[in-house]
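Structural overview for review
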Amino acid sequence: MLRTTRRVSAAVAASLALALLLAGCYHRDSAGPTTSLSAVPSASGSAAASATSSPSASSSGSARATPTPTASAETTGHWVLAGEPRTLETGLEGPWSIARLPDGTTLISERDSGRILERTTDGAMRTVGTVPGVVHDVEGGLLGLALLPGNPRVLYAYETTADDNRVVRMALTGPTGALALGAAHPIVTGLPHAANHNGGRLAFGPDGMLYITVGDASDPERAQDVDYLGGKLLRVTPTGAVPAGNPFPGSPVWTLGHRNPQGLGWQPDGTMWAAEFGQDTWDELNRITKGANYGWPLVEGIGHRQGLTDPVLQWSTDEASPSAIAVVGDTVFMAGLGGQRLWVVQLGAGGTTAKASAQLVGTLGRIRDVKLVAPCTLWLLTNNTDGRGSPRAGDDRLVEVKITRSG
């Protein structure tokens, strides 16, 4: 768990391959209606726009997460939805995360049951297995999944146990259509857990390192404590060691001052983004920079406080409650739980400005995950059966929606 490993360069190659595939998607001229993000005070002093942006997204430096190759013009640009959503699967029970194998086989985690499901390219669904030790407690359970770049037969899972939140890795054995789970080996343990604010998203960055979102576990003041792993984004090697280049020596902490982050993604140039649940006022989309402090609980949303990094965008909590994000070129697709919508965020140059458009409002209910699974194709997971939504016939669902470049 504590030994160093060499950098996984396959992650960069995979990202570039996907970018080249995306370049083949068709175009359209109009991105559709968007929401202006300049904050216009209303009579009551609150922002009249449904999302507002910070004029200066960061007061703590502009270093990117990791050096990466520069994407060509064809692999960047803005993206929009194209066509109506299509239901692929029904009857899921509290699904949380999607992981996609290179052959198109898809894995889905179920939070409460601790099960991992397999969906093959011909649409067959089955249970791969149950992750041992999972304890469901309100928002806790089996949460994020990620596959090791360059070796997708190694699966990572974020789970709540009786004692902690932790990350385990397991071998995937057997052929497609009959996958099984090997033994679960913990690589990060002792993460704080609670009924609420467990974080739980896993994603490998362009540097081949594993990034982990950890909620404040309902202990907000400690989100400012670098020695406490709650309320943080963590960066570790694929074996759980602290890699070279982390901002705090000997610590997996990459950034601090988070409440309950659940979305992670990167633009082609390596710029890192994270979405975060607010308390009562503002949800956030943050441009992530190494070692930055995002303010919680000192600030919720845009605070313009010296030494703290403001979000690029903020939303009222009933319009967003953001979970996963998928970053495609210069667009962030952000899943909304309480807002019951998919936010489409078009990023400006340098990631300091943005425009947002609310899509699929109320169409699917609560949306937990959004994943780019193929060129021009997003898959979404609804989350209406987790005790907080209003289940409809067939819920929960795996849904496909097409995207296209807007120019």
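Here goes a summary of the coordinates provided.

Calculation notes
Residues numbered from 1 in each chain as written. Predicted model: local features only at pLDDT ≥ 70, side-chain atom pairs only at ≥ 80, totals over all residues. Heavy atoms only, no water. Helix = DSSP H or I, 4+ residues; strand = E, 2+ residues; numbered from the N terminus. Buried < 20%, exposed > 50% of the residue type's maximum accessible area, 1.4 Å probe, protein only. Contact = heavy atoms within 4.5 Å. Areas by Shrake-Rupley, 256 points an atom, 1.4 Å probe, with all protein chains shown as cover. Pairing = 2+ DSSP bridges. Axes fitted to C-alpha atoms, helices over the stretch in contact; angles between N-to-C directions. Polar contact = N/O pair within 3.5 Å; in protein donor to acceptor, adjacent residues only side chain to side chain. 1 Å grid on protein atoms, 1.4 Å probe; cavity = no way out; pocket = protein on both sides within 12 Å on 5 of 7 lines; lining within 4 Å. Points joined across faces, edges and corners; volume = space filled by probe spheres on them. Core = buried A, V, L, I, M, F, W, Y, C linked by side-chain atoms within 4.5 Å. Phe/Tyr/Trp six-rings, centres within 6.5 Å; stacked < 30°, edge-to-face > 60°. Nonpolar A, V, L, I, M, F, W, Y, C, P; charged D, E, K, R; others polar. Salt bridge = Lys/Arg side-chain N within 4 Å of Asp/Glu carboxyl O.

Across its full length, the protein chain carries one helix and 27 strands. Here the protein chain holds 407 residues, and 57% of them are scored as buried. If you take every contact in the protein chain between residues at least 6 apart in sequence, the share linking residues at least 24 apart comes to 59%. When the accessible surface of the protein chain is summed, it comes to about 14800 Å², and 52% of that surface belongs to carbon and sulfur atoms.

This part covers the sheet that holds strand β1 (residues 51-53). Read from one edge to the other, the open sheet built from five strands follows the order β1-β20-β19-β18-β17, with strand pairing classed as antiparallel. Each of the sheet's edge strands pairs with one partner strand only, and the pair in question is β1 and β17 (260-266). Neighbouring strand axes in the sheet, compared pairwise and without regard to direction, differ in orientation by 20° on average. Two strands pair when backbone bridges link them, and β17 and strand β18 (residues 272-277) are joined in this way by six bridges, in the antiparallel orientation. Of the residues in β18, the one forming a bridge with Gly265 is Trp273.

This brings us to the environment of His197. Residue position: His197 is located in the loop between β12 (185-191) and β13 (202-204). Its relative accessible area of 12% is what places His197 among the buried residues. Through-space distance from the C-alpha of His197 to that of Glu139 is 7.2 Å; in sequence the pair is 58 residues apart. Ignoring any residue separated from it by four or fewer positions in sequence, one finds His197 in contact with Glu139, Gly215, Asp216, Ala217, Ser218, Arg259 and Asn260. At 2.9 Å, the side chain of His197 and the side chain of Asp216 are in polar contact.

On inspection of all chains with the given rule, the structure shows one cavity of 30 Å³ or more. Approximately 40 Å³ is the volume found for the largest cavity. For the largest cavity, the full set of lining residues is Arg259, Glu276, Phe277, Gly278, Gln279, Trp282, Glu284, Trp296, Val299 and Glu300. Secondary structure elements with two or more residues in the lining of the largest cavity: β18 and β19 (282-288).

This part is about the pairing of strand β26 (residues 377-382). For β26, a buried count of six out of six residues is recorded, marking the element as mostly surrounded by other parts of the structure. Burial along β26 is two-sided: the face carrying Thr377, Trp379 and Leu381 and the face carrying Leu378, Leu380 and Thr382 are both buried. Bridge analysis of strand β25 (residues 367-374) against β26 gives six bridges, and the strand direction is antiparallel. Of the residues in β26, the one forming a bridge with Ile367 is Thr382. Adjacent in sequence and paired antiparallel, β25 and β26 are bridged by two residues, among which Cys376 carries a positive phi angle near 65°. Where β26 and strand β27 (residues 398-405) come together, five bridges link them in antiparallel fashion. What sits directly across from Leu378, in β27, is Val401.

Moving on to the nonpolar core. Leu81, Phe333, Leu342, Val370, Leu378, Leu380 and Ile403 are the most contacted members of the largest nonpolar core, which has 20 residues in total. Discounting residues that sit within four places of it in the chain, Leu342 has contacts with Leu81, Phe333, Met334, Ala335, Ser357, Ala358, Gln359, Leu360, Ile367, Val370 and Leu380. Listed in part, the 19 residues of the second largest apolar core include Leu143, Ile212, Val214 and Leu234.

Before going further, it helps to spend a moment on the packing of aromatic side chains. A complete count under the given rule lists four aromatic pairs for this structure. Ring centres of Tyr156 and Phe204 lie 5.2 Å apart, and the angle between their planes is 75°; this geometry places the pair in the edge-to-face category. Residue Tyr156 is located in strand β9 (residues 151-160), and its partner Phe204 is located in strand β13; the two are separated by 48 residues in the primary sequence. You'll find Tyr156 and Phe204 in the same group, each marked buried. Taking the centre distance of 5.2 Å and the plane angle of 65° together, the rings of Tyr211 and Trp266 count as edge-to-face. Of the two residues, Tyr211 is situated in strand β14 (residues 210-214) and Trp266 in strand β17; the sequence distance between them amounts to 55 residues. With respect to class, Tyr211 is no different from Trp266; both count as buried. Three or more aromatic residues joined by ring pairs make a cluster, and in this case those are Tyr211, Trp254 and Trp266.

As a further point, take the layout of surface pockets. Considering only enclosed or pocket space, the second largest pocket measures out at about 360 Å³ in volume. Contributing to the lining of the second largest pocket are 24 residues, with Glu139, Asn260, Phe277, Leu337 and Arg388 lying nearest its centre. Partitioning the lining of the second largest pocket into residue classes produces five nonpolar, eleven polar and eight charged.

Okay, unusual backbone geometry next. Here Trp296 and Pro297 are connected by a cis peptide whose omega angle stands at 0°. The backbone of Ser218 sits at a positive phi, close to 60°, despite the residue not being glycine. Along the chain, Ser218 turns up in the loop between β14 and β15 (232-236). Residue Cys376 is not a glycine yet carries a positive backbone phi of 65°. Looking at the secondary structure, you find Cys376 in the loop between β25 and β26. We classify Cys376 as buried; its relative accessible area is 10%.

Scanning all chains against the criterion turns up 14 salt bridges. Put simply, Asp386 and Arg111 hold a salt bridge, and the shortest N to O gap is 3.9 Å. Of the two residues, Asp386 sits in the loop between β26 and β27 while Arg111 sits in the loop between β5 (106-110) and β6 (115-119), which places them 275 residues apart along the sequence. Taken individually, Asp386 and Arg111 each receive the classification buried, so the pair is uniform in this respect. Of the charged contacts in the structure, one is a salt bridge between Asp225 and Arg222, with a shortest N-O distance of 3.8 Å.

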